[in-house]
Amino acid sequence: MGPVRARFAPSPTGYLHIGGVRTALFNWLLVKRYGGQFILRIDDTDSERNKPEALQPILDGFRWLGIQWDEGPEVGGPLGPYFQSQRLEGYKEAAYKLVQEGKAYPCLLSPEELKAEREAAEKAKKPYIHRGPGRNLAPEEALKLVLEGKPVRLKVTEGRKIVLEDLIRGRVEWDADLLGDPVILRGDGRALYNFATVVDDAAMQITHVVRAAEHLSNTAVQLVAFEALGVGQPRFAHVPVVNEPNSKKKLSKRDMAKFVTTEIKSKLMSIGHTAEQIAARDDLNPATVAFYRELGYLPEGLVNYLGRLGWSLDDHSEIIPIDLMTANFSLERVNDSPASFDPDKLYWVAGEYMKTLPLEKKVEGVLPFLKRAGIWGENESPARLEQLRRVITASGDRLKLFSDILQYGLPILLPSVAYDEKSFAKRVTKEGVPGHLAEFVDKLAALPDFEAATLENALKAHANDKGFNPALLIHGLRVSTTGIEVGAGVYDILSILGKDESIRRVRNALAKAGLV
RNA sequence: GGCCCUGUCGUCUAGUGGCCUAGGACACAGCCCUUUCACGGCUGCGACACGGGUUCGAAUCCCGUCAGGGUCACCA
């Protein structure tokens, strides 16, 4: 395959939809695989719905994911402008040209008449196929009417088949007789999507249109438009839609609110969002890219997951770094049935990427969450930073998302311990434990150093000496010093805390337990 | 309803006529490792929508049925 020019054409809606990203990613991968340009074209012709400030989140999202466009907003390109709202004249001219050539004609019927036609067809249980009375007008007369403000319809040639050789779905055919003449230009001169997209794809020399399968039906009229325009056709590839988790329904841009369950909400609140903030942002739900960014997912993980959704490298690869993906991507291996979005698997993939991330990158990623939690200032001491590094290292693979630092790091980093009462009762107040703790605190005070290995030896020796199960002390210490039962190894925790702080926390716990 | 698309474990997938008593991954369950949790290791659970053909042989090809989805605008 030669060089590819592929495009993604989002509407500026204020957020980047997961399904859209997957489609954009396939376009981008195709370009990276075969060489060429990935074009971002902004579909902002619907002025009521599209606000200019709604574009930025989309661009930010793509940049965060590492999906860079070669032509489009902010980067320009030779075949711009890349905003459809700035290309309106071109659509108009193209439509006029078609009218002059007799390939399109003015629609003479009023909206009311059209509605009546449609309803009559519906009542008669017949498919509604519009053929306008203006079809046979002489070109001069037709153009005059169009210039006077009549909408323009494309003439669909009857008595033949429209054939698409789709790169993913194979051969798809439509009977032209079942296709009504579509409106391509409104009375006020604004083009309709099906026409604008064709004019632009031709003008921008798009070679491959990779888009969601929901556009498959549209392709028939677009094919007719390409023909009428007398320009070369791109190749088409219709990728299956992305479904809701555990569902056969499309992951929809609408009704995304239902994904914000109480569980999701509490997760968002745990990273510092208030209920009001969540309610005010329509991009904070699991169907958007912003949501995963907000929770501290690694973009590499999201890209891997999305790339693997509907496409596979072979019979066993799951973790496919971007270089491997771009070197091997092909439309042939894109599935032709819909795929359900699986948040659990995404979480796992994100964790796999986190495992391989260098420590300094983890520190960097975790900082915003600590700052928002109010326990990290702008000028923390080197010692404090070193402590954070040790916390992250000790957390190990438990840290799958950057926001997980709140769960595993806070109990160590926070100066005061928030005790989980159930755990406290089970592991500290328990029979005999306070006594062991009190005794061991003195041992701790006498230790030559506070390395994890030293601590482990001392603890085991002490328990052996006294003849009790070391687990009693391990669990007691953990809860005394962090308040909770899960997290890094207890020796690591004590070592990070240091001698003074460890002893202070254990004594506090003993005081709380009613023993000093 | 018309047209179009799709149907392999709960989910993502491998499979292009014999390598398939259908392989891998996530999730789930159990065991081991670790005196927590996680990681890791092992084991288990679990699918070719159904019915007809074609063929020596079908998850794979054909037909039908059923099911799901998409689309039918002077929206994108």
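Procedures and definitions
As a convention, each chain's residues are numbered from 1 in the sequence order in which they are written. A letter from A marks each chain and a number from 1 marks each ligand, given out in the order of writing. Side-chain atom pairs in this predicted model are given and counted only at pLDDT of 80 or more, local residue features only at pLDDT of at least 70, and totals for whole chains, interfaces and linings cover all residues. Heavy atoms from the whole structure form the basis of all side-chain values; hydrogens and water molecules are not counted. Starting at the N terminus, helices and strands are each numbered in turn, a helix being any DSSP run of H or I of at least four residues and a strand any DSSP run of E of at least two. Exposure classes here rest on a 1.4 Å probe applied to the protein chains alone. A residue is buried below 20% of its type maximum, exposed above 50%, and partly exposed in between. Polar contact is the term for a pair of N or O atoms within 3.5 Å; when the atoms are in protein, one must be able to donate a hydrogen and the other to accept it, and sequence-neighboring residues count only if both atoms are side-chain atoms. Residues count as neighbours in contact if any of their non-hydrogen atoms are within 4.5 Å of one another. Here is the rule: rings of Phe, Tyr and Trp (six-membered ring for Trp) pair when centre to centre is within 6.5 Å. Planes less than 30 degrees apart are stacked, more than 60 are edge-to-face, and the remainder are tilted. For a Lys NZ or an Arg CZ to count as sitting over a ring, it must be within 6 Å of the ring centre and within 35 degrees of the ring normal. Any two strands with at least two DSSP bridges between them are considered paired. Axes here mean lines fitted to C-alpha atoms, for a helix over just the part in contact, with angles spanning 0 to 180 degrees between N-to-C directions. Whether a crossover is right-handed comes down to one check: with the strands pointing away from the viewer, does the path from the first strand over the helix to the second run clockwise; if it does, it is right-handed. Each reported salt bridge corresponds to a side-chain nitrogen of Lys or Arg within 4 Å of a carboxyl oxygen of Asp or Glu. When at least one non-hydrogen atom of a residue lies within 4 Å of a molecule or strand, that residue is treated as near it. Among the buried residues, those of types Ala, Val, Leu, Ile, Met, Phe, Trp, Tyr and Cys that are joined through side-chain atoms within 4.5 Å form a nonpolar core.

A. Highlighting the side chain of Gln-222. In this structure, Gln-222 sits in helix α7 (residues 216-229). Overall, Gln-222 belongs to the buried group, its relative accessible area being 0%. Polar contacts involving the side chain of Gln-222 include one to the side chain of Asn-194, which spans 2.8 Å. Apart from the residues within four sequence positions on either side, Gln-222 is in contact with Tyr-193, Asn-194, Thr-197, Val-198, Arg-211 and Phe-236.

B. Representation of the packing of aromatic side chains. Applying the stated criterion across every chain yields a total of nine aromatic pairs. The interplanar angle of 40° and the centroid separation of 5.3 Å between the aromatic rings of Phe-26 and Phe-329 together place this pair among those described as tilted. Of the two residues, Phe-26 sits in helix α1 (residues 18-34) while Phe-329 sits in the loop between α12 (322-328) and β11 (339-340), which places them 303 residues apart along the sequence. Both residues of the pair, Phe-26 and Phe-329, count as buried. Ring-pair connections join several aromatic residues into one group, and the members of that group are Phe-291, Tyr-292, Tyr-297, Tyr-305 and Phe-341. In this structure, Lys-512 is placed above the aromatic ring of Phe-424, and the distance from its NZ or CZ to the ring centre is 5.0 Å.

C. Region of interest: the sheet that holds strand β7 (residues 183-185). Across the sheet, which stays open at both edges, the three strands sit in the order β3-β4-β7 with antiparallel pairing between neighbours. Lying at the two open borders of the sheet, with one neighbouring strand each, are β3 (104-106) and β7. Here the strands of the sheet are splayed against their neighbours by 40° on average, with no regard to which way each runs. Looking at chain direction, strand β4 (residues 152-154) and β7 are connected through two bridges and run antiparallel. Within the sheet, the bridge partner assigned to Val-152 lies in β7 and is Leu-185.

D. Broad picture of the pairing of strand β2 (residues 36-40). One ladder, built from five bridges, connects strand β1 (residues 4-8) with β2; its direction is parallel. Across the sheet, residue Val-4 finds its bridge partner in β2, namely Gly-36. Once the chain exits β1 it traverses α1 before rejoining the sheet at β2, and the crossover so formed is right-handed.

E. Quick look at the pattern of salt bridges. Summed over all chains, the structure comprises 35 salt bridges. As a salt-bridge pair, Asp-283 and Arg-281 come within 3.1 Å of each other at their nearest N and O atoms. By relative accessible area, which is 31% here, Arg-281 ends up partly exposed. One salt-bridge network, in which partners are shared between bridges, spans Arg-7, Arg-41, Arg-87, Asp-200 and Asp-201.

F. Looking closely at the protein's contact with RNA strand B. Asp-43, Arg-186, Gly-310, Arg-398 and Pro-470 are the nearest of the 62 residues found near RNA strand B. Counting only the atoms of RNA strand B within 4 Å of the protein, the fraction contributed by sugar and phosphate is 74%. In the model, a phosphate oxygen of RNA strand B is placed 2.4 Å from a nitrogen or oxygen of the Gly-310 main chain. Broken down by element, the residue count for the surface near RNA strand B peaks at five residues, all from helix α21 (residues 470-482).

G. Main features of the nonpolar core. By size, the foremost hydrophobic cluster in this structure holds 86 residues, and its most contacted members are Phe-62, Leu-302, Phe-341, Leu-370, Leu-388 and Ile-405. Among the elements that take part in this core, α1 stands out by supplying nine residues, more than any other. Counting 40 residues, the second-largest nonpolar core is a separate cluster that includes Leu-143, Leu-185, Met-204 and Val-209.

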